[in-house]
Amino acid sequence: MNVYAGLTGIPVVKSSISYIDGQKGILEYRGIPIEELVENSNFLEVSYLLVFGKLPTKKEYEKFVSDIKENLELNQGIIKFLKDIPKTTYPMKVLQGIIPILSAFDENKEVLDEKHHYSSLVNLLGKVPTIIANWKKILEGKEPINPDKTLDYAQNFLYMLTGEIPEKEISQMFDKTLILHAEHTINASTFTAIVVVSTLADFYSAVSSAVGALSGKLHGGANEKVFYMLNQIKDLNQIEEFIVNKLNRKERIMGFGHRIYKTYDPRAKIIKNFLTRLSQLKGESELYKKAIKFEETALKYLKDKKIYPNIDFFTAVFYSYLKIPPQLYTPIFAMGRIPGWLAHCKEYIKENKLFRPTQIYDGGHNIHYIPLEKRG
Ligand code: COA
């Protein structure tokens, strides 16, 4: 028997949800290239596509959007809980902690029942953005802003975060960044979700566990770290020295590299284009100028190793343009990934097999207990 560290390259499922060609830089959802979805669709329609395997009809789409709008509001008990917990609680922990409680508002508890798949999807897509935005307001010592059902999904989220209705072009770009986060085959958090659902635990437990997996800086947590990394650099002229020092110390450059993409991450390419547009609309921010020079310089050292910027490198700059605090970058990633996690849970449960890998034991045998007083 061999140990497959990190299960790298070991298929654990057959899936028709998304496809990546890491050599060519291709990402498709249900066979449709993400570039086409970003151009023509929106996050909620893509969520439906991912989870139910087809684009919704007009009637299905309208019902789906309306059901999500009916689920935007948080129960007062949850808002009180948010107000009572320590303000030092990291936003990803807040999200991970509250998601299982949302199951209390879902009548369809049976994980094998298709009704559970639909109701947990609309409940989570509705309430997760409200949790993130309410937590931001509570941290600022302000009252949470109630959702506004007259706004579209991204507009409402940005409104709850800032109290201002964003310009349409900007909220649309934000919505499209959610499309780009929505799904990415079997990564660490998605694998976590299907492991949990394979025990027949419900989708809330699966998503809450996936949020925990996503929070690590080798996964979704990288976007926040990119912001801090770029802010360590005080001057554009220091970028090269900063990168060289990091590489000499064998440190990872946050927002660069990917287990699957050995070429430019197609999602990063799209968000970089959004940034170009944002810089035209809002002027070139200091962080934007640093990120552009950083990318160009880092590639001089990393391109030969096939290490390119990933989605997290540019989303950090994108969110900072929208004045979103860095601690919320990874929760926003999680909010975008909900449909991907649920699509995999729904697919996996159809032919469920409880995950139970094995191990190669390399410890001792017949070792005897030593009483505490004799242990020195
Ligand atoms: N900065 C510097 N070097 C990097 C690097 C980075 N971001 N990512 C990989 N490398 C180097 C490693 O140091 C290693 O070099 P070596 O062969 O000289 O020891 C080589 O590339 C392979 O590293 P490995 O960890 O095996 O690659 P991987 O493909 O498994 O790594 C990540 C994938 C995502 C874990 C890795 O690129 C990383 O840590 N990136 C930074 C965190 C990040 O942005 N995560 C978000 C991913 S979407």
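Residues numbered from 1 in each chain as written. Predicted model: local features only at pLDDT ≥ 70, side-chain atom pairs only at ≥ 80, totals over all residues. Heavy atoms only, no water.

Visitor: I keep staring at the overall build of the protein and nothing clicks. Help me out?
Guide: Helix and strand counts for the protein come out as 16 helices and 3 strands. Against the globule reference of 21 Å for 376 residues, the protein gives a C-alpha radius of gyration of 22 Å, in line with a compact fold. Its C-alpha atoms give the protein principal-axis dimensions of roughly 70 × 55 × 45 Å. Looking at the protein as a whole, 51% of its 376 residues qualify as buried. (Helix = DSSP H or I, 4+ residues; strand = E, 2+ residues; numbered from the N terminus. Rg over C-alpha atoms; globule rule 2.2 N^0.38 Å. Buried < 20%, exposed > 50% of the residue type's maximum accessible area, 1.4 Å probe, protein only.)

Visitor: How should I be thinking about the site of the ligand in this particular structure?
Guide: Residues in close proximity to the ligand total 19 residues, the closest being Arg252, Ile253, Gly255, Phe256 and Arg259. In the environment of the ligand, a nitrogen atom lies 2.8 Å from a nitrogen or oxygen atom belonging to the backbone of isoleucine 253. Between an oxygen atom of the ligand and a main-chain N or O atom of histidine 258, the distance comes to 3.5 Å. Protein coverage of the free-state accessible area of the ligand, which is 850 Å², stands at 69%. The residue inventory of the shell around the ligand, partitioned by class, reads 7 nonpolar, 5 polar and 7 charged. (Near = heavy atom within 4 Å. Polar contact = N/O pair within 3.5 Å; in protein donor to acceptor, adjacent residues only side chain to side chain. Areas by Shrake-Rupley, 256 points an atom, 1.4 Å probe, with all protein chains shown as cover. Nonpolar A, V, L, I, M, F, W, Y, C, P; charged D, E, K, R; others polar.)

Visitor: Could you clarify how one ought to interpret a positive patch on the surface in this entry?
Guide: Together, Lys250, Arg252, Arg259 and Lys305 line one region of the surface with positive charge. Relative to the helices and strands, arginine 259 resides in the loop between α12 (239–248) and α13 (266–282). Take arginine 259: its relative accessible area is 59%, and that puts it in the exposed class. (Patch = residues over 30% accessible without salt bridge, like charges linked within 9 Å, V, L, I, M, F, W, Y side chains within 5 Å. Salt bridge = Lys/Arg side-chain N within 4 Å of Asp/Glu carboxyl O. Lys, Arg positive; Asp, Glu negative; His and termini not counted. Charge placed at Lys NZ, Arg CZ, Asp CG, Glu CD.)

Visitor: Honestly, helix α5 (residues 91–98) in this entry has me stumped. Any pointers?
Guide: Burial in α5 covers these residues: Pro91, Met92, Val94, Leu95 and Ile98. On an axial view of α5, the arc spanned by its buried residues comes to 155°, and they lie on one face. The inward-facing, buried residues of α5 abut α4 (76–84), α6 (114–139), α10 (203–214) and α16 (329–350). (Arc of directions from axis to C-beta. Contact = heavy atoms within 4.5 Å.)

Visitor: Any chance you could explain the packing of helix α8 (residues 168–181) against α16 here in plain terms?
Guide: The relative placement of two packed helices is expressed as an angle between their axes plus a distance between the axes. Look at α8 against α16: their axes get within 7 Å of each other, and the N-to-C directions meet at 70°. One finds that α8 runs roughly perpendicular with respect to α16. Here α8 and α16 pass one another in a crossing that is right-handed. Contacts between α8 and α16 involve Phe174, Leu178 and His181 from the former and Ile332, Phe333, Met335, Gly336 and Arg337 from the latter. A class-by-class count of the residues in the contact of α8 with α16 yields 5 nonpolar, 2 polar and 1 charged. (Axes fitted to C-alpha atoms, helices over the stretch in contact; angles between N-to-C directions. Parallel < 35°, antiparallel > 145°, perpendicular 65-115°, else oblique. Left-handed = near helix turned anticlockwise from the far one by under 90°.)

Visitor: Sorry, what's going on with the pattern of salt bridges here?
Guide: One side chain can pair with another of opposite charge once the charged atoms of both are near each other. Counted according to the given criterion, the structure contains 21 salt bridges. A salt bridge links glutamate 169 to arginine 277, with the shortest nitrogen-to-oxygen separation between them at 2.6 Å. Note that glutamate 169 is positioned in helix α8 and arginine 277 in helix α13, a separation of 108 residues in sequence. With relative accessibility at 33%, the residue arginine 277 sits in the partly exposed group.

Visitor: It is not clear to me how unusual backbone geometry should be interpreted in this structure. Could you clarify?
Guide: A negative phi angle is the norm for most residues apart from glycine, just as the trans form is the norm for most peptide bonds. For arginine 30, which is not glycine, the phi torsion reads 50° and is therefore positive. Although it is not a glycine, threonine 185 adopts a positive phi angle of roughly 55°. You can see threonine 185 is positioned in the loop between α8 and α9 (188–197).

Visitor: Can you help me understand the environment of isoleucine 132 in this one?
Guide: Tracing the chain through its elements places isoleucine 132 in helix α6. For the pair formed by isoleucine 132 and methionine 160, sequence separation is 28 residues and the distance between their alpha carbons is 9.1 Å. Every residue in contact with isoleucine 132, bar those within four places of it in the chain, is listed here: Leu95, Phe157, Leu328, Pro331, Ile332 and Met335.

Visitor: How should the sheet that holds strand β3 (residues 32–33) be read in this particular structure?
Guide: Whether parallel or antiparallel, the strands of a sheet pair through hydrogen bonds between backbone atoms. A sheet is described by the order of its strands in space; here 3 strands give the open sequence β1-β2-β3, paired in antiparallel fashion. For this open sheet the edge positions go to β1 (18–21) and β3, each flanked by a neighbour on one side alone. Relative to β3, strand β2 (residues 26–29) runs antiparallel, the two sharing 2 bridges. Each bridged residue has a counterpart across the sheet, and for glutamate 28 the counterpart in β3 is proline 33. (Pairing = 2+ DSSP bridges.)

Visitor: I'm lost on the domain arrangement of the protein in this one. Help?
Guide: Interface size is often expressed as the accessible area that is lost when the parts come together. Split into domains, the protein comes out as domain 1 (15–216 + 328–351) and domain 2 (222–321). Between the C-alpha centres of domain 1 and domain 2 there is a distance of 26 Å. Regarding the contact of domain 1 and domain 2, the summed buried area is about 2300 Å², with carbon and sulfur atoms giving 65% of it. Contact with domain 2 buries area across many residues of domain 1, yet Met173, Leu180 and Tyr329 alone supply 29% of it, more than any other trio. Linking domain 1 with domain 2 are 2 salt bridges. Notably, a salt bridge pairs glutamate 167 with lysine 282, separated by 3.1 Å at the nearest N-O pair. Run the count over domain 1 and domain 2 and you get 10 residue pairs in polar contact (both at pLDDT 80 or more). Where the side of domain 1 that touches domain 2 is concerned, the elements lending two or more residues are β1, β2, α1 (34–40), α8 and α16. The element that contributes the greatest number of residues to the side of domain 1 that touches domain 2 is α8, accounting for 8 residues. Partitioning the side of domain 1 that touches domain 2 into residue classes produces 13 nonpolar, 8 polar and 7 charged. (Domains from an automatic or database assignment. Buried area = accessible area lost by both parts, 1.4 Å probe.)

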